[in-house]
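# Structure assessment
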Amino acid sequence: MSLNARALGTTTPATPTIVEQSRIDALCDVVNDHNPAFRRGWRGGPALAPPTFINCFRDAKSQLVIDTLGVDMPRLLHGEQTMTYHRPIRAGDLVFQQVSLVEVGQKATRAMGAADFFKVWITLRNDQGELLAEAYQSFFVRGERR
Amino acid sequence: MNRPDPGELVTGRPLPALAPEVVTRERILSYAGASGDFNPMHVDEVLNLDAGGGGVFAHGMLGTGFLGRVVTDHLGDVPLASLAVRCTKVVRPGARLFCSGVVQDTTTSGRDVVVRFGLRATDDENDITHDGTASVVLPMRELDQYRGDDLDESPLLVRWRAIG
């Protein structure tokens, strides 16, 4: 296996990030989302972050996946994601992102045969420690090219 | 904004399909910038070909964003409770994605209704590229009919109300 199996169970420190409206705008622009709830000035207050915004917090995840797990980025394929939303995330909020490596192993795949596999659990919390949103994301790592 | 009537969301009823979304190279790069995911397989054609990737392809989360929209475009400012998507085929530049959804089931949870949608994106070959579900929580009655003690019993509704 190309992955560092001993990395299983690793959790990153909580990384603080301010939710910027400009980053929400950039995501909405590229997915063609014109929902006013995600845009500046919604109901005179801060806009909501759209459902896939949780994927825009990356610093902790990249560090875990590349440095600790040893993934060669060109071989990485995104398999599945399950996102659950507990409390609204709004522009201007201070959120704390944390990523844990919850599975590392091999799985049979249709397209690639047996492939290395891992799953991360991402949490976003507020400064009270309350869970705002969480996501499980699973990835495959392709083998060496023959 | 529109507030859906849970009575309209019956099992089997389709949501309005999105207009086809064209996945261009520029759009893949824009998604890389928006998400911060600059994995070279998505943005570097030379490195991708060298690694045997067959050319750059879109981030799985780009199509996932479209599938979220199938629900949120229809329900307005009702927030999703969950979104779960499996990426089943890579999407290459030039592909069009056809994104649709259907009411899969509704269940009651206390005084709330949980509506689950089946979601799917297909490409020009009619192959499924993304397959998943989303759920929302809707109050069964008008919000102002709730008394304070109802809110304590219904944390899901409180979430909805906190946003709405």
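Cut-offs applied
Residues numbered from 1 in each chain as written. Chains lettered and ligands numbered in written order. Predicted model: local features only at pLDDT ≥ 70, side-chain atom pairs only at ≥ 80, totals over all residues. Heavy atoms only, no water. Buried < 20%, exposed > 50% of the residue type's maximum accessible area, 1.4 Å probe, protein only. Helix = DSSP H or I, 4+ residues; strand = E, 2+ residues; numbered from the N terminus. Arc of directions from axis to C-beta. Contact = heavy atoms within 4.5 Å. Buried area = accessible area lost by both parts, 1.4 Å probe. Salt bridge = Lys/Arg side-chain N within 4 Å of Asp/Glu carboxyl O. Polar contact = N/O pair within 3.5 Å; in protein donor to acceptor, adjacent residues only side chain to side chain.

### A look at helix H2 (residues 59-68) of chain A
Residues and elements named next belong to chain A. Along H2, the residues that are buried comprise Ala 60, Lys 61, Leu 64 and Val 65. Across the axial projection of H2, the buried residues extend over an arc of 120°, all falling on one side. Exposed and oriented more than 90 degrees from the buried face of H2 are Asp 59 and Asp 67. The inward-facing, buried residues of H2 contact strand E1 (15-18), strand E3 (94-109), strand E4 (113-125) and strand E5 (131-141). Gly 70 occupies a position one or two residues after H2 and carries a positive phi of about 80°.

### Description of the interface of chain A and chain B
Often, the extent of an interface is quoted as the loss of accessible area upon association of its parts. Facing the 38 residues of chain A at the interface are 44 residues of chain B. Roughly 3300 Å² of surface becomes buried between chain A and chain B when both sides are summed, with 55% attributable to carbon and sulfur atoms. In this structure, the salt-bridge partner of A:Arg58 is B:Asp37, at a minimum N-O distance of 3.6 Å. Counting across the interface, chain A meets chain B through 15 residue pairs in polar contact (both at pLDDT 80 or more). Looking at the side of chain A that touches chain B, the elements that each hand over two or more residues are helix H1 (21-30) and strand E2 (76-85) of chain A. No other element matches E2(A), which puts 10 residues into the side of chain A that touches chain B.

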